[in-house]
Structure formats: structure tokens, C-alpha cells
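Next come the chains, spelled out residue by residue.
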Amino acid sequence: MDNAGGGLTVKHVLIIDFGGQYSHLIARRIRELEVYGEFVSHTIDTDNLLEYVRESYGVILSGGPASVWEGKHDDIIKLIIKEDKPILGICYGHQLLARALGGIVQRSHKPEFGPTTVFLKVRDRIFKGIPNSFIVWMSHNDAVIEPPPGAEVLAYSHGSPVAAMRYGIHYGIQWHPEVAHTSYGMKLLSNWLDIIGAPRVWKLDIVVDKIIEDIRGVIGDSIAVAAISGGIDSTTATLIAYKSIGSKLKPVIIDHGLHPQGEPARSIKLLESIGLKPILVDASDMFIEALKGITDPEEKRRIFGKLYAEVLEEEALKLGAEYLVQGTIYPDIIESGGRPGASIIKTHHNVAGLPRNIRLKIVEPLKWFYKDEVRRIARKLGVPEEIIKRQPIPGPALAVRIEGEVTREKIDIVRRADAIVREEIENSGIQERLWQYFAILLNSKATGVKGDNRAYGYVVVVRAVISVDAMTASIARLQWDLLERIASRITSEIPQVTRVLYDITSKPPATIEWE
Ligand code: XMP
């Protein structure tokens, strides 16, 4: 995080991602150790990447699915080494570093996957407080066979003659210190942070206080609106802004007519319990009208997003607002190819689907934080647990859980089915283990028998998934009697539905949402 533009100034440790499945986890671990971890993909523009390197305390090269022989990353690694910042290579990053410094990487005679014992050869500072042998998590086919000339081999395992090495200010380790299965993983990362002299200043309380001050400085006497969806991100962002500017912040909830049952009334009540007084804008007729006849999912999303921004902008201008507070979080920015920048004011565009030409300056108090950090901040600020634990609802809400055209009848059906799914799952007490659980309404119909008559009705799909970050998801193995109860209630309480299906597809290949 740089100094440009004033605002939050915290020097980072840079995590360069080579596509490893645990790369984000490295950044999160560094932050748990109270150092700001900045995450960038190796694919970004080289000048930009090297600037990140120059601004850092040190650089971590992540794991990745490639093989070093492909030579794909040799050039960039050589440029990074030239910057003379301390490097820690992890897994593939270790192999890249070793090869760039003149070591030999080959297919291991004993590929290692899963728990593996490593043995120390040298009691380097990076192993302070760590025993001479311990269990780590490995995941590699290739291994560093010969260390670079001048490097010291620090540890080995049965499949990795150079499981850890030091070359001047650089370290490489074959295992994954960031995963929970590796013993002393956090200790090793902490030792490395001490070695490179990174001070522990990423303390959420202090950082949030600084952000509150910054927002006050930026918004001054102007008015800001905050669009609240009722979820944790927008609520927390709003609360931070409220702490900055008090009643000059106008929280707004747009009723688009596609909320789940009981919303937005429940959100309003919860927000009022923490001192926020949201303004409810009823735009439901406009949304339903705009979606009439639209069947393509992307088109639905586009129309929804555009109208949402228009309604919000109009309301903001009515309130005399100059600023818009948004709940964008760090992964949203990284995924859209941006970087948070030091200033509280947006430096990138179109992250949350807002059009570029919106006539409001965007304030993003959460753009530096991962979701787990947002949860911690939310708890500290007193956001109710019900909001913190609430399952995510996609921006276009029920519009993407209704296959085909969105009509009032279909909204009513999916909303009632969804309420039954929620109620039954919550009554069974398993909701804490699930990432999301909801109902979808298909466009197709199926024959059934209701009373003594044949019925030709709608098909409802029940979806329940387990996930840690929504990037991947597995299906929840719900009990048969729970599923049966859900199906029986949906078909008996909603006359238009004749059939209920359970979605047994994980992500990938499916997504969590239907459309
Ligand atoms: P998918 O369906 O891509 O969803 O597996 C991953 C997670 O993101 C949520 N989701 C959205 N959230 N706007 C949002 O704010 C959207 O348009 C949107 N689409 C999907 C989804 O509920 C899941 O948690």
C-alpha cells in the first residue's frame, strides 16, 4: 500500500501469485501476523509489478500449477531478484528462485503430496523456536535437486534434497507454511517477517480508526449516501462512514422487489438497532417492469445493475450527496485487476457494476480487507451477529434465481419456496455449517397429482452448499428426511409447484447461483 494521494500508509509484504490454490491464504496469514500483505498476479504489467516489489519489505513467490521447465517465469523472476528485496519462495516459488539462481530442478524421484516430515540441516534464524524435524504439507512433483552455487541447504525431506535453502537475503521452502496442516507454519512466516524487519502495524483497530479519520477528512462537510444491501460488507462500510461523519451519512436501501421474504423490513430493524436510520426507496415496480420479457441471465444482471445505479444516483442527488459509500472488499478489487491504492477514494472503476459515469465520488472503507478481516471489524463495531452470519445474496437477488423471464407470480413462488428452505434448514440447526441454502425456480414445468387431479406445475430446485470463500463449493449432504420435508411443504403450501429437485452439483463445474 503506497503513500500516493495521502491516506492510509502501510508498507506491504508482496505476495506474487503464480496461480497456486493457497496464494490468497499466504496474504491472509501475513495479515494475521499484523503485516499488510498485498496480493498481485504475476501477469500484471512488469513495470507495475516491479514498483510493487520496490515498495515492499519483501516478496513472497507463491506456489503454482506450472512446471519450472516450461521456463515461463524465468524472466520475471530474474527482474525481481535484481530489485534486491528479500524473497521467500514457497513450493513452485522455491523452485523458481532456485532455478533463477543457478540451481537444478527436476522431477522428484519421490513426489510428495500431503503430510511429510522435513529434517533440518542448519539451525537458521528462520527456524527459531521450531524443532529439528516436523510435519509439513507438501504438494509437488518437481523438486530442487541441486542448490544454486553459494546457497546453503537448510532442510531436506525424503523427496526433496533441498526442501529449504538460503541464498544471501533470500529463502526458499518446498512446503506450504500457510496451510493449517503444516506444523510451525505461522512460526516460520513470523520468523521471516522478523528477519526482513517488517513491523507489526496491521492492527485492525488502529487501521479502522485511521480510515474513520480519513473519511472525515475527505468528505468534510459534504453529504454521503451509503447503499445498504443488508449484508455484512455494505453494513460494515456504512457503519464506518457513520462513525466518520454522523448524520451527514444517509444510508439508503433500495427495495427492488426481488428481496427474499421478510426483507428489507428485517434489515431495517437490525440497522436501526445499531443506530443507523436507513431511507427506504421503493423502486420495485420499476425493476419488475425493466425485467419484463428478459430471459438472458447476463442481460438480466446488466439491466438490474444499471437501474440500481440510476435509482441510487437519483436518490443521492435528491439528498444533496456528493459521495457514495460502497462495501467493496479486497478480493473484489483484485479480481477486477485493480489495486486498492492509499487514498480512501476509488482509484479503479466499475468494480461493483456501477457505471463509470456515475456522478458521485466513491468511498470504499473496506477495500483493503479480506472477508475474515471484515468479519472481525464488523464484530468490533457491534454489527449484529445476524448480519455477520447472513448468507450472501447476489446483487440481482431473486432475479438470478428465477430461470427465464421474471414475473410477479414467479417472484412470489420462489420467495415462498426459499422461505420454506430457510426455515426447515434453520430449524434443523445445520445452517452454521452451510455457506448458502436457497430455492431456485425453473422455467420448465412438470406433471403432478394434486388432490385427485392431474396438475402441470412449476419445478423448484433446492440448493445447499458448503464453502469457505465461494471460489469452490461442495454440495451439502442434507438428510433425506429434511429434504423430504422441504419437498412436501413446498408442493403442499405452494399450489403452482408440482416438483422439487435437489441440486447435487459442486462448484466447479457448476456455479453456486443458477444464473
Ligand atoms: P457463483 O454463482 O459465481 O457465486 O458461484 C459465488 C458467490 O457470489 C455470490 N454472487 C453474487 N454476489 N453480486 C453479488 O454481490 C452478484 O451478481 C453475484 N452473483 C453471485 C453468490 O451468491 C455466491 O455466494
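Throughout this description, residue numbers start from 1 for each chain and increase along the sequence as written. Side-chain atom pairs in this predicted model are given and counted only at pLDDT of 80 or more, local residue features only at pLDDT of at least 70, and totals for whole chains, interfaces and linings cover all residues. Hydrogen atoms and water are omitted, and side-chain values are computed over all heavy atoms in the structure.

Caption draft 1: Main features of the overall build of the chain. Counting its regular elements, the chain contains 15 helices and 18 strands. Each principal axis of the C-alpha distribution contributes one length, and for the chain these read about 80 × 60 × 35 Å. Here the chain, with 515 residues, has 55% of them falling under the buried criterion. Contacts in the chain between residues at least 24 apart in sequence constitute 74% of all its contacts with a sequence separation of at least 6. Charge assignment: positive for Lys and Arg, negative for Asp and Glu; neither His nor the chain ends contribute. Charge positions come from single atoms, namely NZ of Lys, CZ of Arg, CG of Asp or CD of Glu. Between the mean site of the 63 positive side-chain charges and the mean site of the 65 negative ones, the chain shows a separation of 3 Å. Helix numbers and strand numbers start at the N terminus; a helix is a DSSP run of H or I with at least 4 residues, a strand a run of E with at least 2. Note on classification: 1.4 Å probe, protein chains only; a residue is buried when its accessible area is under 20% of the maximum for its type, exposed when over 50%, partly exposed between these limits. By definition in these notes, contact holds between two residues if any of their heavy atoms fall within 4.5 Å.

Caption draft 2: Representation of the domain arrangement of the chain in the model. With domains assigned, the chain is organised as domain 1 (10–196), domain 2 (204–388) and domain 3 (407–502). Tallying the contact residues gives 13 residues for domain 1 and nine residues for domain 2. Here domain 1 meets domain 2 over a buried area of about 960 Å², counting both sides, of which 43% is carbon and sulfur. A per-residue breakdown of the area domain 1 buries against domain 2 is headed by R28, R31 and Y52, which together make up 45% of the total. Residue ranges assigned to each domain were obtained from an automatic or database domain assignment. Two parts placed together each lose some accessible area under a 1.4 Å probe, and adding up what both lose gives the buried area.

Caption draft 3: A look at the side chain of E178. Note that E178 resides in the loop between β9 (170–173) and α5 (185–196). One speaks of a salt bridge when a side-chain nitrogen belonging to Lys or Arg is within 4 Å of a carboxyl oxygen belonging to Asp or Glu. For the buried E178, which has no salt bridge, the nearest side chain bearing the opposite charge is R29, at an N-O separation of 7.4 Å. Identification of polar contacts relies on pairs of N or O atoms within 3.5 Å, with a donor-acceptor requirement for protein atoms, meaning one able to donate a hydrogen and the other able to accept it, and with residues adjacent in sequence counted only if both atoms are side-chain atoms. Here the side chain of E178 touches H176 through a polar contact of 2.7 Å, side chain to side chain. Excluding residues that lie within four positions of it along the chain, E178 makes contacts with Y22, L25, I26, R29, I90 and L189.

Caption draft 4: A look at the packing of aromatic side chains. Two aromatic rings, drawn from Phe, Tyr or Trp (for Trp, its six-membered ring), form a pair once their centres lie within 6.5 Å of each other, and the interplanar angle then sorts them: stacked below 30 degrees, edge-to-face above 60, tilted otherwise. Overall, the coordinates contain nine aromatic pairs when judged by the stated rule. When the centroid spacing of 5.9 Å and the interplanar angle of 70° are considered together, the rings of F18 and Y92 count as edge-to-face. Highlighted residues: F18 in the loop between β1 (12–17) and α1 (23–32) and Y92 in helix α4 (residues 92–100), separated in sequence by 74 residues. Since its relative accessible area comes to 4%, F18 is described here as buried. Judged by its relative accessible area of 2%, Y92 falls in the buried class. Taken together, Y36, W202 and F369 form an aromatic cluster joined through their ring pairs. Any Lys NZ or Arg CZ found within 6 Å of a ring centre and within 35 degrees of that ring's normal is scored as a charge over the ring. The ring centre of Y330 lies 4.6 Å from the NZ or CZ of R31, which sits over that ring.

Caption draft 5: Structural view of α5. Taking 1.5 Å per residue, twelve residues should reach 16 Å; α5 reaches 17 Å between its end C-alpha atoms and fits that length. Of all the residues in α5, the buried ones are G185, L188, L189, S190, N191, W192, L193 and I196. Those residues of α5 that are buried lie in contact with β1, α1, β3 (56–61), β4 (87–90) and β9. G197 sits one or two positions beyond α5 and adopts a positive phi of about 75°. Here the expected span of a helix is defined as 1.5 Å times the quantity of residues minus one.

Caption draft 6: Summary view of the pattern of salt bridges. Applying the stated criterion across every chain, the model contains 35 salt bridges. Between R485 and E424 there is a salt bridge whose closest N-O contact spans 2.9 Å. Here E424 lies in helix α14 (residues 408–428) and R485 lies in helix α15 (residues 480–493), a separation of 61 residues in the sequence. According to the relative accessible area criterion, R485 is partly exposed, its value standing at 37%. The closest approach of N and O atoms between R489 and E424, which form a salt bridge, is 2.8 Å.

Caption draft 7: Molecular detail of the sheet that holds β4. Whether two strands pair depends on DSSP finding at least two bridges between them. Read across the open sheet, the nine strands follow the order β2-β1-β3-β4-β9-β8-β7-β5-β6; overall the sheet is mixed. Of all strands in the sheet, those with a lone pairing partner are β2 (36–41) and β6 (133–146), marking the two edges. Each strand axis lies, on average, 20° off the axis of its neighbour in the sheet, ignoring direction. Pairing of β1 with β3 involves five bridges; the strand directions are parallel. The residue bridging H12 from the neighbouring strand is S56, located in β3. Strand contacts of α1: β1, β2, β3 and β4, with the helix running at about 165° to β2, the strand carrying the most contacts. Docked against the sheet, helix α3 (residues 74–82) engages β1, β3, β4 and β9, running at close to 155° with respect to β3. Note on method: axes are straight lines fitted to C-alpha atoms, helices fitted across the in-contact stretch only, with angles between N-to-C directions ranging 0 to 180 degrees.

Caption draft 8: Here's a closer look at the sheet that holds strand β13 (residues 323–325). Reading across from one edge, β12-β11-β10-β13-β14 is the order of the five strands in this open sheet, with parallel pairing throughout. The sheet is open, and its two edges are formed by β12 (279–282) and β14 (361–363), each paired on a single side. Direction aside, neighbouring strands of the sheet carry axes that sit 30° apart on average. Alignment of β13 against β14, held across three bridges, turns out to be parallel.

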